[in-house]
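Descriptive structure summary
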Amino acid sequence: MKKMRAILMAAILIIALSGLTAIASATELFTVITYDEVFTPANAVDAVLTVEIEAKPDTDGYIYIAKTVKDMKPVGEVTGENIGGNKLEEYKMGNINCYRVKVNDPYRTVKAKVQFDCLNFYNAAAKADQNGRANIPVTHVFTNFFVNPIGTYNLKVVLPEKTEIVKVSTPSKYADFKLSDENGLKAIAISKSKLAPAAAAKLDYTMNTSASIFDKILIWTFCLAIGLFVLFARLRENKSSDQK
Amino acid sequence: MQTMQSLSEITMAKKGPSTFEKWMKITGVTIALIIFALIYTMETPIKMTMQGKASLAVFCMAFVLWVTQAIPTYASALVAIVALVFTGAWSQDSALAVFGQDIIWLMLSAFIITAGMEKSGFANRLALYIVSTFGTTAKKALIALGVVNLLLAFVVPSTTARAAMMLPICLMILKVYRANPGVSNFGKQLMIQEIHFNNISTSGILTATAPQILAVGYILSMAQVDVSWSQWLIASMPIAILTLITSFVIGNFLFKSEVDTPPVEQTETGELSLKEQLKALGPISKNEIKALIIFFLTIALWATDGHHLKLFGFQVSLVMTAVLSGTLFFMPYIGILSWKEAKIPWDLMIFSAGAYAVGLALDASGAASFLLNSIFDRFNLETLSPFMLYMIVMFIASFSHLVFTSKNVRVVILLPAIILLAKSLGINPLLLALPACFTICDSITLPPHCKPNLIFYSTGYFTVKDQFIYGMLVLFAKWLILGAAYFTWFRIVGIV
C-alpha cells in the first residue's frame, strides 16, 4: 500500500512538472517581431493606448500583450490578420499580468491591433526642481517579460492640447528620441531594436502648458524695461562725456 | 642699470573706442534682451524641447553681450548662468558644476605655472633668447611662435597642453615688446594667432588630437576605408599650412602692429640690445632651475600622455599634470610662489565657467543638434552637383563649431551623418568625410569653443569681437582653400 502511494505521488509529480514544462515550452515559441505602443490623449488627463503587434504565436495559438500601464482596460475588439473575432483575455504569465488572444492559425504570423483606456496617464502632480516652474513628470517603462527578444519596440506619446515637452531625461541624447507633430499636437517617440528578455525601454520627460499670452507679455515687459533703461542711461552718459 | 619693469607697472596711453564700439556698448544690453525675449517667447519648433529653446535664447543673449562688451564679461557670464537655471535650460547642479570642470582647473594651473616662470626669471630668459635669435622683429616673432606650435603638434597630442605650454612664453615675449593687454595690436595678433596656429596645425596631424582619431574610426567602420597617419598628413598638411599663412596675412591686416622691433633698454651707459640684455641676466639662478625642472616635468608628462601606463604603470591625466605643477610652485623648498604672486584673473575664470556652461547647455538640450539638422534639411541635397554638395558640407562641418562646443560631439553627430548622406547619394564617402575631418579643429571663433581659446582669452589681450572677426575671416578663407583643393590637391592625392 505504501509502495502504491509512493508510486502514485511520483506519477502526479511527474505529470504536474510535465504540465508546467509544457506551458513553458509553449510560451517559449512566442516571438514578437514588432511591438508598437502609441498613447494619444482622450482628454487633458486620460490617454488611449493603441497596441499594434506583429508576432509568431506560441504552439497553443496565443499571442500576448503586456500590461504596461496600471488600470489599463481594453476598449473594443482585437482586429488584424489571423485574429478575427477572438477576444482579449486577462492572463497571468508566472507573476506577470498580461493579456492574451487566441489566433486562428498558430503557424502563421499574426498582426493585431487593440486599444486600451489609460485613465490619468497624463495626470501626475507637478513637481518643481530647485529652481523654475513646476512641471509634470511623465514616465513610461516597457519591460520585455517575454522569453524571446523583441525585434523592434516603438513607443510614441502624443501630448494633450496646448502642452509641450519641457525636457527629456531618458533617453538623455537628442539623437535617441524623435519629436514630431501629430495633427497639431506635440509627440515624442523612442525606438529600441532587439530588446532582450528582461530588458526595459524607458521614456522619462516633463511637460507643461505652453507659455500663455500673459507670460509672454511679462517677459517682454521685463526685457524691454531693463533694455530701455540701460539704453537711455548709456545715451545720457555718452552725451555728457561728448560735452566734456 | 634699470631693470625691466613688470607688466603692471608699465602704462601706455589707451586709445579710445571707435564710434562703432561705442554704439555697440550703448545698445548691446538692449539688443541682447530683445533677442532673448524673441527666442524665448517664440513658438517652440516641433523638433525642439522648451529646454532647447531656452538654452538657445540664453546662448544668443550671451553671444551679443560678449561681442558688444556692453557689460563686463564676468558679469555677462553670471547673467548667463542665472538665466540658464531660471529659464529651465539647465539644472542648477549642472550649471554650477562647470566651475569644477577640468578646463577651469587647467586654466588656474596654467596661470600659476606662468606666474612661477615669470617670477623665477626663466620665462624672461627664454623669451629674450627666442626673440633675440628668431624674433628680432614683430613679424619674425609671430612666425617663430607659429613654427614652434606646428612642431609641438607632432610631439604633444593635446591642443590644451600645447596652449598651456606656450602661454608663459607668449606672455614674456609680449613683455619684451612692452605690449600691454587690451591696447596692443601686436598682443592681439600674437594671442589670437596662437589659437589659430594651435588648432589649425592640429588638423594637419592625425594624432594631434583625439577627436580626429575618433573620426578616422568612423570612416573605417562606416565607409570601410582605412586612413593612415601618413595619408592624413599628406592630404591635410598643405591645407593647414596655407590656412596658417592666410591667418598670418589677415592678422597683419586687421591688427597692424604698433611695434616693429622690441624697445631697447635704456641704461646709464647707453642702449642695450636684446643679446646684451640676455647676457646681463647672468648665470641661471636657483629659482630658474626650480622653475625649469617643474616646467620640463610638465612637458614630459604631457608629451607622453597616453603612454604613462606602459612607462610608469600609472596614468596621469593632462589636467592633473597641470594641477601637480601648480602645486609644486607653491611648495616650500621646491616652489617659489606665494598665493598673491600667482595673480589668478578670477574675473576671466568666472567668464570661462559661464561661457562654457552656455555651450554645454546648448549641446545637452539638443538645441545644437536641432540647428544642425535644420541646416541640412534646408538644402535639396539630391539635386546638387558633387562640388556644390562638397562645399555645403564643408561649410556646415567647419562652422557648426559655432553651436557645438565639443569637438567630440561634432564628430559623433556630423561624421556618421555625412557618410550616410554620401552613401545615399551614391557618392564616394571619402570625398565628403575626410575633408570634413580636416575641419574638426576649426573652433577658433569664440572663447568657449575650445580650451586653448579660453586659455589665451584669459590673458586679456583681445576681446571676443577681435577673435570672432579674425576667426571668421580665416575660416572663410580656409573654406575657399578647401574648395580649390577639390580641383587640385585632393585630385592628386586621390580623395576626389
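Right, let's walk through the structure included here. Here the structure is a predicted model, which means the values were calculated and not measured. (Residues numbered from 1 in each chain as written. Chains lettered and ligands numbered in written order. Predicted model: local features only at pLDDT ≥ 70, side-chain atom pairs only at ≥ 80, totals over all residues. Heavy atoms only, no water.)

What follows is about the overall build of chain A. If you tally the helices and strands in chain A, you get 2 helices and 14 strands. Against the compact-globule benchmark of 18 Å for 244 residues, chain A has a radius of gyration of 28 Å, which places it well outside the compact range. Counting only C-alpha atoms and orienting by the principal axes, one finds that chain A spans roughly 120 × 40 × 30 Å. Here chain A holds 244 residues, and 35% of them are scored as buried. Taking the intrachain contacts of chain A between residues at least 6 apart in sequence as the baseline, contacts between residues at least 24 apart amount to 72%. When the accessible surface of chain A is split by element, carbon and sulfur atoms take 58% of a total near 14300 Å². In chain A, the 30 positive side-chain charges and the 25 negative ones have mean positions that sit 6 Å from each other. (Helix = DSSP H or I, 4+ residues; strand = E, 2+ residues; numbered from the N terminus. Rg over C-alpha atoms; globule rule 2.2 N^0.38 Å. Buried < 20%, exposed > 50% of the residue type's maximum accessible area, 1.4 Å probe, protein only. Contact = heavy atoms within 4.5 Å. Areas by Shrake-Rupley, 256 points an atom, 1.4 Å probe, with all protein chains shown as cover. Lys, Arg positive; Asp, Glu negative; His and termini not counted. Charge placed at Lys NZ, Arg CZ, Asp CG, Glu CD.)

Now for the interface of chain A and chain B. Contacts between the two partners involve 29 residues from chain A, matched on the other side by 33 residues from chain B. Of the roughly 2700 Å² buried at the junction of chain A and chain B (both faces included), carbon and sulfur atoms supply 64%. Taken together, the connections running from chain A to chain B amount to 0 salt bridges. Across the contact surface, chain A and chain B share 11 residue pairs in polar contact (both at pLDDT 80 or more). Those elements that provide at least two residues to the side of chain A that touches chain B are strand 11 (163-170), strand 12 (178-182) and helix 2 (213-243) of chain A. With 13 residues, helix 2 of chain A is the largest single contributor of residues to the side of chain A that touches chain B. The residue inventory of the side of chain A that touches chain B, partitioned by class, reads 13 nonpolar, 8 polar and 8 charged. (Buried area = accessible area lost by both parts, 1.4 Å probe. Salt bridge = Lys/Arg side-chain N within 4 Å of Asp/Glu carboxyl O. Polar contact = N/O pair within 3.5 Å; in protein donor to acceptor, adjacent residues only side chain to side chain. Nonpolar A, V, L, I, M, F, W, Y, C, P; charged D, E, K, R; others polar.)

Time to look at the packing of helix 7 (residues 138-155) of chain B against helix 8 (residues 159-176) of chain B. Residue and element names in this part refer to chain B. For the pair helix 7 and helix 8, the least separation of the axes is 11 Å and the interaxial angle reads 165 degrees. Judged on the interaxial angle alone, helix 8 and helix 7 are roughly antiparallel. Crossing of helix 7 over helix 8 shows right-handed handedness. Contacts between helix 7 and helix 8 involve Leu-145, Val-148, Asn-149, Leu-152 and Ala-153 on the former and, on the latter, Arg-162, Met-165, Met-166, Ile-169, Cys-170 and Ile-173. Split by residue class, the contact of helix 7 with helix 8 holds 9 nonpolar, 1 polar and 1 charged. (Axes fitted to C-alpha atoms, helices over the stretch in contact; angles between N-to-C directions. Parallel < 35°, antiparallel > 145°, perpendicular 65-115°, else oblique. Left-handed = near helix turned anticlockwise from the far one by under 90°.)

What follows deals with the sheet that holds strand 6 (residues 96-102) of chain A. Residues and elements named next belong to chain A. The strand order 3-6-5 describes an open sheet built from 3 strands, whose pairing is antiparallel. Across the chains shown, the open sheet's two edge strands, defined by having one partner strand only, are strand 3 (62-66) and strand 5 (88-93). The sheet shows a mean angle of 40 degrees between the axes of neighbouring strands, direction not considered. The sheet contact formed by strand 5 and strand 6 spans 6 bridges and is antiparallel. Residue pairing across strands places Tyr-91 opposite Cys-98, the latter belonging to strand 6. (Pairing = 2+ DSSP bridges.)

This brings us to the pattern of salt bridges. All names here are of chain B. Counted by the stated rule, this structure contains 9 salt bridges over all chains. Across the pair Lys-119 and Glu-341 runs a salt bridge, and its minimum N-O distance is 3.0 Å. You can see Lys-119 sitting in helix 5 (residues 102-120) and its partner Glu-341 sitting in helix 16 (residues 339-342), a full 222 residues away along the chain. When the shortest N-O distance is used, the salt bridge between Asp-442 and Lys-478 registers 2.8 Å. Remark: Lys-478 occurs in helix 23 (residues 464-487) and Asp-442 occurs in the loop between helix 21 (429-437) and helix 22 (451-457); sequence separation between them is 36 residues. Lys-478 shares its class with Asp-442; the two are buried.

Interpretation in functional terms is not warranted from these geometric data alone.
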